[in-house]
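Examination of the molecular architecture
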Amino acid sequence: MNWQAIRAIYTSEMGRTVRTPLQSLVSPVISTSLYFVVFGSAIGNRIQQVEGIEYGAFIVPGLIMLTIMMQSVSNASFGIYFPKFIGTFYELLSAPITYLEIVIGFVGAAATKSLVIGLIILATAAFFVELRIAHPVLMLSFLVLTCVTFALLGFIIGIVARNFEQLQLVPLLVVTPLVFLGGSFYSVAMLPPFWQTVTHFNPVLYLISGFRWSFYEVSDVGVGVSLAAIALFLFACLAVTWWLFRTGYRIKS
Amino acid sequence: MTAIVDIRDLTKTYGSGHQALKGVSLQIAQGEILALLGPNGAGKTTMISVICGITNPTSGTVTVAGHDIIRDFRAARATIGLVPQEVALEPFANVADTVAYTRGLFGKAPAPDRIEAILRNLSLWDKRNAQVNELSGGMKRRVLIAKALSHEPRVLFLDEPTAGVDVELRKDMWRIVGELREGGVTIILTTHYIEEAEAIADRVGVINHGQLLLVEDKATLMARMGRKEMLIELQEPVSALPEALSGYSLERNGAGDVLTYAYDSQAARTGITRLLSDLNAAGLNVRDVQTRQSSLEEIFVGLVKEDA
Ligand SMILES: Nc1ncnc2c1ncn2[C@@H]1O[C@H](COP(=O)(O)OP(=O)(O)OP(=O)(O)O)[C@@H](O)[C@H]1O
Ligand SMILES: [Mg+2]
């Protein structure tokens, strides 16, 4: 392993965050606080409780998931697309590094950023509502796995994207709807039966459900199913990444 | 000679179907400076990109320092530094960081002293904390060079390092190339400035349409360049050369009013004085005399034209 290279990529990617703290860290916190005001206070006044949990507290896991998924995708996709766009990608190709090391560097950095954001949101949420985390270790595992998986997804999007439009289109048209319809703000049980069935095809549902279980021990699907789902998702992303690099698709002519 | 870069039958066909390299074989010795000349689109950058791992070869093999560039890419690439033709740099990074980044990518532990020495040598030390996008074009090119040197490569590729840079930087470049060569670094550079090849190269290669037309010692080429020509313009055209002048290597042009005399400018006697008096004796009146030297440029242009 070329650890120096992994470190170089990782620190240089993290450096971008430090240079742009407003965009990287403050903006997700602000938008989360807005969600709290809108969903937690406005709607929460009418709903009050979901499955025996205060609505404001109920949405916290979903909100964290929503943000880290979107952040992981956008950070990682931009991180790898940017060198392609400005032409510095040659440096990665000509360095004595394997594709695995490139992935670890970029995906590791993107995942770290969203993990930090997730924890900041968690801390922010603690100011608004009373939080209870029943299974902290499991909670953290879900968080880390989701960050890594969606960073990988973003990495794939960044490699495949031909231009900035495509870079934003996939997250906008695919990731955002899945994430919003994955039960961040409601329990699936609240939906009409038909939409319940549809929702079960949404992989994000399983992640949010499992994550929420690690807080309140309530879930839409069994926590084992959730873990299996995230493992499957992670594996699928790894397989696609491996294929991309093996064939050099959109990487190397 | 054990070649530090050994290229055998290298071909490259791009996805578009364009064959950019058509079987190039080239051995480059440790410590030499090879200049690659060739018109736009000849395949110079393609060849460098294949060796450095930026594009895949279609067929053929390349080893660098004895390591196959595909099977043993880690060891091969670790020895290579590359200054690309296009200036591409992360715009928001600062100068020292971006140079240190390259060193890291190449697997070397951080060495601030080493980076400092490189930056000082390239007159970038004052700019070490500046953002890359605050630099002028020439300075950006220096940063590219600093990056390429950051991991102490044994083989350095310079793809048109002096395109669009001022005289000072060009001279700086030549000086640095000289210093690196002292340290045993092998340098392959492409250039459109023939005087650059003349000034610093040990060997010169000419490439066109993806084929290597010639690789020759600069000294041999210079010897060829040592041939000078004198053009003698006559007042009256002659239909044939007088018998008395048959001892000279003289050529008559089409109209017969210009004679071309080829001679070796390095020789002790050029024979010019004697020729002129013999011309006079033969009754030919000289109106004007010109001399010209065949330059590397002419050799190069001639080769490329022949190949077209
Ligand atoms: N990525 C690519 N896809 C398809 N064709 C390419 C690609 N890169 C280069 N070519 C073609 O290959 C040929 C050789 O290009 P190359 O860049 O190697 O030339 P060069 O000798 O470096 O020229 P220059 O002096 O202009 O830099 C050109 O005809 C070019 O159009
Ligand atoms: Mg070129």
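In this text the structure is predicted, and so the values were computed from the model without any measurement.

Here's the deal with the overall build of chain B
Scanning chain B for helices and strands turns up ten helices and 14 strands. The C-alpha radius of gyration computed for chain B amounts to 25 Å, which surpasses the reference 19 Å derived for 308 residues by more than 25%, pointing to a less compact arrangement than a globule. Considered along the principal axes of its C-alpha atoms, chain B spans approximately 80 × 45 × 35 Å. The proportion of buried residues among the 308 residues of chain B is 48%. Accessible surface, chain B as shown: approximately 14,300 Å² in total, 47% of it carbon and sulfur. Computed over 33 positive and 39 negative side-chain charges, the separation of the two mean positions in chain B equals 5 Å.

Considering the overall build of chain A
Of regular secondary structure, chain A possesses ten helices and two strands. Against the compact-globule benchmark of 18 Å for 253 residues, chain A has a radius of gyration of 19 Å, which places it among compact chains. Split into buried and exposed, the 253 residues of chain A put 51% on the buried side. Sequence-distant contacts, at least 24 apart, represent 79% of the contacts inside chain A between residues at least 6 apart. Here chain A displays about 11,100 Å² of accessible surface, and carbon together with sulfur accounts for 71% of that area.

Some remarks on the sheet that holds strand E2 (residues 19–29) of chain B
Across the sheet, four strands lie side by side as E2-E1-E4-E5 (chain B); this open sheet has antiparallel pairing. Because the sheet does not close on itself, it has two edges, and the strands there are E2 and strand E5 (67–68) of chain B.

Some thoughts on the interface of chain A and chain B
Facing 26 residues of chain A, the contacting portion of chain B comprises 30 residues. Taken as a group, Tyr90, Glu91 and Pro96 of chain A account for 26% of the area that chain A buries against chain B, more than any other trio of residues on that side. Joining chain A to chain B, the criterion identifies three salt bridges. When the shortest N-O distance is used, the salt bridge between Lys147 of chain B and Glu91 of chain A registers 3.2 Å. Inspection of the chain A/chain B interface yields ten residue pairs in polar contact (both at pLDDT 80 or more). Counting residues per element, the side of chain A that touches chain B draws most heavily on helix H1 (residues 3–19) of chain A, which supplies eight residues. Taken together, the residues of the side of chain A that touches chain B sort by class into twelve nonpolar, eight polar and six charged.

A short note on the coordination of the magnesium ion (ligand 2)
Residues and elements named next belong to chain B. Looking at the metal site, the magnesium ion (ligand 2) is ligated by Thr45 (OG1) and Gln85 (OE1), spaced 1.9 to 2.1 Å from it. Placement of the pair is Thr45 in helix H1 (residues 44–52) and Gln85 in the loop between strand E6 (80–83) and helix H3 (95–105), with a sequence separation of 40 residues. A relative accessible area of 29% places Gln85 in the partly exposed class.

So, unusual backbone geometry
Look at Arg250 of chain A: it is not a glycine, yet its phi comes out positive at around 60°. Note on placement: Arg250 of chain A falls in the segment after helix H10 (223–247).

Considering the pairing of E2 of chain B
Residue and element names in this part refer to chain B. When strand E1 (residues 3–13) meets E2, the two strands line up antiparallel, connected through eight bridges. By the bridge assignment for E2, Asp6 is matched with Gln27. Here E1 hands over to E2 after five residues, with Gly17 in that stretch at a positive phi of 95°.

As for the environment of Thr112 of chain A
All names here are of chain A. Structurally, Thr112 is set in helix H5 (residues 99–128). With relative accessibility at 22%, the residue Thr112 sits in the partly exposed group. A sequence separation of 98 residues divides Thr112 from Met14, and the C-alpha atoms of the two residues are 8.5 Å apart. Each residue touching Thr112, except ones within four places of it in the same chain, is listed here: Tyr10 and Met14.

What to know about the domain arrangement of chain B
Residues and elements named next belong to chain B. Domain boundaries assigned for chain B yield domain 1 (1–79 + 153–222), domain 2 (91–150) and domain 3 (226–294). Centre-to-centre separation of domain 1 and domain 2, based on C-alpha positions: 23 Å. Listed per partner, the contact involves 16 residues of domain 1 and ten residues of domain 2. Summed over both partners, the interface of domain 1 with domain 2 comes to about 1,000 Å²; 62% of that surface belongs to carbon and sulfur atoms. Three residues stand out in domain 1 for area buried against domain 2, namely Pro153, Leu169 and Ile176, and they jointly supply 38% of the buried area on that side. Put simply, Arg142 and Asp172 hold a salt bridge, and the shortest N to O gap is 3.3 Å.

Thoughts on the side chain of Ser214 of chain A
Structurally, Ser214 of chain A is set in helix H9 (residues 203–216). Discounting residues that sit within four places of it in the chain, Ser214 of chain A has contacts with Ile133, Ala134, His135, Leu138 and Met139 of chain A.

Some thoughts on the environment of Val155 of chain B
Examined against the element boundaries, Val155 of chain B turns out to sit in strand E7 (residues 155–159). Not counting residues within four places of it along the chain, the set of residues in contact with Val155 of chain B comprises Ile4, Val5, Val64, Thr79, Ile80, Gly81, Val185, Thr186 and Ile188 of chain B.

Description of the UniProt feature "domain: ABC transmembrane type-2" (unreviewed entry) in chain A
Within this structure's numbering, the places UniProt gives as "domain: ABC transmembrane type-2" (unreviewed entry) are residues 19–248 of chain A. Annotated as 80% helix and 2% strand, the span residues 19–248 of chain A places its first and last C-alpha atoms 32 Å apart.

So, empty space enclosed by the protein
Counted by the stated rule, this structure contains two cavities of 30 Å³ or more. Approximately 100 Å³ is the volume found for the largest cavity. Lining the largest cavity are 14 residues, and of these Tyr90 and Ser94 of chain A together with Leu82, Thr102 and Phe106 of chain B lie nearest its centre. Residues that form the lining of the largest cavity fall into these classes: seven nonpolar, four polar and three charged. Considering only enclosed or pocket space, the second largest cavity measures out at about 30 Å³ in volume. Every residue lining the second largest cavity is listed: Glu13, Asn75, Ala76, Gly79, Phe106, Ala109, Ala110 and Lys113 of chain A. Of all elements in the fold, only helix H3 (55–86) and H5 of chain A reach the threshold of two or more residues within the lining of the second largest cavity.

Criteria and cut-off values
- Residues numbered from 1 in each chain as written.
- Chains lettered and ligands numbered in written order.
- Predicted model: local features only at pLDDT ≥ 70, side-chain atom pairs only at ≥ 80, totals over all residues.
- Heavy atoms only, no water.
- Helix = DSSP H or I, 4+ residues; strand = E, 2+ residues; numbered from the N terminus.
- Rg over C-alpha atoms; globule rule 2.2 N^0.38 Å.
- Buried < 20%, exposed > 50% of the residue type's maximum accessible area, 1.4 Å probe, protein only.
- Areas by Shrake-Rupley, 256 points an atom, 1.4 Å probe, with all protein chains shown as cover.
- Lys, Arg positive; Asp, Glu negative; His and termini not counted.
- Charge placed at Lys NZ, Arg CZ, Asp CG, Glu CD.
- Contact = heavy atoms within 4.5 Å.
- Pairing = 2+ DSSP bridges.
- Buried area = accessible area lost by both parts, 1.4 Å probe.
- Salt bridge = Lys/Arg side-chain N within 4 Å of Asp/Glu carboxyl O.
- Polar contact = N/O pair within 3.5 Å; in protein donor to acceptor, adjacent residues only side chain to side chain.
- Nonpolar A, V, L, I, M, F, W, Y, C, P; charged D, E, K, R; others polar.
- Donors = N, O, S within 2.8 Å, 3.2 Å for Na, K, Ca; no water.
- Domains from an automatic or database assignment.
- UniProt positions renumbered as here; feature names shortened; annotations may be inferred.
- 1 Å grid on protein atoms, 1.4 Å probe; cavity = no way out; pocket = protein on both sides within 12 Å on 5 of 7 lines; lining within 4 Å.
- Points joined across faces, edges and corners; volume = space filled by probe spheres on them.

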